[in-house]
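# Coordinates in review
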Amino acid sequence: MKKIYNLIKLVIYKLEYISFNKKLFSKHNFANKNKILVEFYMYNPSIISYALFANTLSKKFNANIFTYIPKIKNPIINLMNIICNFLYWKVYQSFGCKKIIFPNNNYYKKKYFDMLKKKINTKNDIINIKIKKIPIGDLIYDEYIRRHNIGTIDLDDPKFFYFLKEAISTFFFWETKLDKSVKSLVISHSVYFLGLPARIAIYKNIPVYNISMSYVYYLSKKNILRCSGFKDYPKIFKKIKSKFKKNILQQAEKEIFNKFLGKFDLTQIGSTIDYKDINKIFNNKLKKKKLFVDKNKSNILVASHCFTDAVHAHGDSIFLDFQEWFEFLIEYSKNKPNYNWYVKMHPAEFERNKDILKKILSENDNFILLPKNTSHNQIISSKIDVVLSVYGSVGYEYPFVNIPVINASYNGPHNGYDFNYHAQSKKNYKKLLNEIPIIKKKRLDKNVKLKISEYYFLRYMTNYHFLNNLDNVLLKLKQNYKSSMIFREFINKFNYNEFENNNKYLTKFVISKKNRIYSDNTKKVSKPVLFH
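A brief structural summary. Everything numeric in this text was worked out from a predicted model, so none of it was measured.

Evaluated as defined, the whole model comprises 52 aromatic pairs. Each ring, one from phenylalanine 173 and one from tryptophan 174, has its centre 4.9 Å from the other, and the planes form 90 degrees; the classification is edge-to-face. When its relative accessible area of 2% is taken as the criterion, phenylalanine 173 is described as buried. We classify tryptophan 174 as buried; its relative accessible area is 0%. Among the aromatic residues, those joined into a cluster by ring pairs are Tyr17, Phe20, Phe25, Phe487, Phe490, Phe494, Tyr496 and Phe499. A cation sits over an aromatic face here: lysine 109 above phenylalanine 172, 5.2 Å from the ring centre. Here the guanidinium or amino end of lysine 117 rests over the ring plane of phenylalanine 161, the centre of that ring lying 5.4 Å away.

Structural data, given as structure tokens:
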């Protein structure tokens, strides 16, 4: 009975939000053909930001708002989705969406399939796929392994080339529809096929905005992915630091330190990590339960990634996927008897990834797979020597406690700083692995905590928020943040003057064509202080 009552409440919150939007947003019906395309994304926090930002764009370009489904689906499935999610369609209508655009298979071009099939002999050839000079190989690669829940691509599997036909159909549908009448795109992700309309739009010079409740990015040929531009962080910090109080880095350091105390990590709310597992990542209670490590050897933690989670989200790497990285380490380990290898699986979609990893490790006993509940504090207290990752968050977490991290990538969120080792090639990566006995003895730069705090501050503490006091809302709602309870929070906190001011900021950002809004979130309202 309680579940039914709660379900009814959530429906009521959604209906309240629909009513609220109808009053807030004026009904526009521009006579011209100008369009703003907003992805039909059924994630409640993002919908709030979509409504606000789409209407800013609508006014700026005198354009009607349309919503769209990025991927080709069976028409019956599309119809069932709309029927089952009818209230979501009403939400999109409430902030001005005229209709839904559904891609279809009618735009398939066989000559492009034949041409690409001849060119694809290796997995690297997939990454290099371009159609009409638009690079889409990374999107095809990541969509395929995600959809089939696999760690890498087998070109002998006929499923891939069947899938390639769908990719070509999807590409040419959007290449046709994204004409001069489309003035902007608002998207949820710049990866997978979700990012395919955006990629085409970028190369047609149509503005693309990757937004959520807690950030706003403008994508361009320079920053084709949301997760890019990290090399500019030191330069950005020099520009931005004068706009904040002097203790900003102390605040950032405190937030990082709180992770090691096992306190709730706000940066993980809304991620693919189950809510119940967030606090377990740095569970402080397990600190005394140490792992067995051999002090006479080099003890290495391999911080595994989610194998199917947007491998190329940060761009190219020295390995085509996470499975290739693991297979390289397995082969390397065979000649390193003085290295102990411990594997901690990524907490996101744990069971889904467990099968992939067990298969990879099935014929190798050099690697010790740690139990799911093994916390980072447990590993740190066991005196692990070095951590290996591709571009994971361990890249700032472990150096914070003076444990070096070697990244198997030249791209990634930490590449603007020297608190990680960044491999530039497989040869360079092997050299770094060989030097682990030396690297583990080196003390990190005495200013490393300052640099990590600077990174953390820019990455997590300066995003533009569409909702006031977002951190407090996250702490209040926790696992309910994704539910329609967020609509009630937005309505309760809404202030019309702030709404008007935010609309002015967003309009200035659109005009600026800068990559990201950096904001001061130390007060009630998220106030933009820099466009970069």
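Running from amino to carboxyl end, helix α8 (residues 158–177) crosses helix α9 (residues 196–203) at an angle of 50 degrees, the nearest separation of the two axes being 9 Å. As far as their axial angle goes, α9 and α8 are oblique. Seen from above, α8 lies across α9 with right-handed handedness. On the side of α8, the interface is formed by Ala167, Thr170, Phe171, Trp174 and Glu175, while α9 contributes Leu196, Pro197 and Ile200. Per-class residue counts for the contact of α8 with α9 are six nonpolar, one polar and one charged.

Either a parallel or an antiparallel arrangement is found when strands of a sheet pair, and the pairing is made through backbone hydrogen bonds. The six strands lie next to each other as β11-β10-β9-β12-β13-β14, forming an open sheet whose pairing is parallel. What marks the edges here is a single partner per strand, and that holds for β11 (367–369) and β14 (421–422). The sheet contact formed by strand β10 (residues 339–344) and β11 spans three bridges and is parallel. Looking at β11, one finds that tyrosine 342 is bridged to isoleucine 368. Sheet strands in contact with helix α17 (residues 426–434) are β10, β12 (386–389), β13 (405–407) and β14, and its direction is about 165 degrees off that of β13.

One turn of an α-helix holds 3.6 residues; hence residues three or four places apart share an orientation. Buried within α17 we find Tyr429, Leu432 and Leu433. For α17, the angular spread of the buried residues around the axis is 100 degrees, confining them to a single face. In the core, the buried residues of α17 are packed alongside α13 (322–333), β10, β12, β13, β14 and α18 (436–439).

So, about unusual backbone geometry. The phi angle at lysine 133 is positive, at roughly 65 degrees, despite the residue not being glycine. Examined against the element boundaries, lysine 133 turns out to sit in the loop between β4 (130–131) and β5 (134–135). Exposure remark for lysine 133: the relative accessible area of 73% places this residue in the exposed category.

Along the chain, serine 58 turns up in helix α2 (residues 44–61). Accessibility expressed as a relative area gives 1% for serine 58, which makes it buried. Only 2.6 Å separates the side chain of serine 58 from the backbone oxygen of alanine 63, close enough to count as a polar contact. Setting aside residues no more than four positions away along its own chain, serine 58 makes contact with His28, Phe30, Ile36, Ala63 and Ile65.

A word on the pattern of salt bridges. Under the counting rule described, the total for this entry stands at 17 salt bridges. Ionic pairing is found between glutamate 175 and lysine 132, a salt bridge with its closest N-O pair at 3.4 Å. Taken together, the positions of glutamate 175 in helix α8 and lysine 132 in the loop between β4 and β5 put the pair 43 residues apart, joining distant regions of the chain. A salt bridge links aspartate 385 to lysine 440; the shortest N-O distance between them is 3.9 Å. Taken as a pair, aspartate 385 in the loop between α15 (376–381) and β12 and lysine 440 in the loop between α18 and α19 (448–460) lie far apart in primary sequence, 55 residues in all. Overlapping salt bridges, with partners in common, bring together Lys71, Glu143, Arg147 and Glu166 in one network.

Our next topic: helix α5 (residues 110–119). Restricting attention to buried positions, one finds in α5 the residues Tyr112, Phe113 and Leu116. Looking down the long axis of α5, one finds its buried residues gathered within 100 degrees of arc, a one-sided arrangement. Exposed and facing more than 90 degrees away from the buried side of α5 are Lys110, Lys111 and Lys118. Contact partners of the buried residues in α5: β4 and α8.

Rules used in this analysis
Residues numbered from 1 in each chain as written. Predicted model: local features only at pLDDT ≥ 70, side-chain atom pairs only at ≥ 80, totals over all residues. Heavy atoms only, no water. Phe/Tyr/Trp six-rings, centres within 6.5 Å; stacked < 30°, edge-to-face > 60°. Buried < 20%, exposed > 50% of the residue type's maximum accessible area, 1.4 Å probe, protein only. Lys NZ or Arg CZ within 6 Å of the ring centre and 35° of its normal. Axes fitted to C-alpha atoms, helices over the stretch in contact; angles between N-to-C directions. Helix = DSSP H or I, 4+ residues; strand = E, 2+ residues; numbered from the N terminus. Parallel < 35°, antiparallel > 145°, perpendicular 65-115°, else oblique. Left-handed = near helix turned anticlockwise from the far one by under 90°. Contact = heavy atoms within 4.5 Å. Nonpolar A, V, L, I, M, F, W, Y, C, P; charged D, E, K, R; others polar. Pairing = 2+ DSSP bridges. Arc of directions from axis to C-beta. Polar contact = N/O pair within 3.5 Å; in protein donor to acceptor, adjacent residues only side chain to side chain. Salt bridge = Lys/Arg side-chain N within 4 Å of Asp/Glu carboxyl O.

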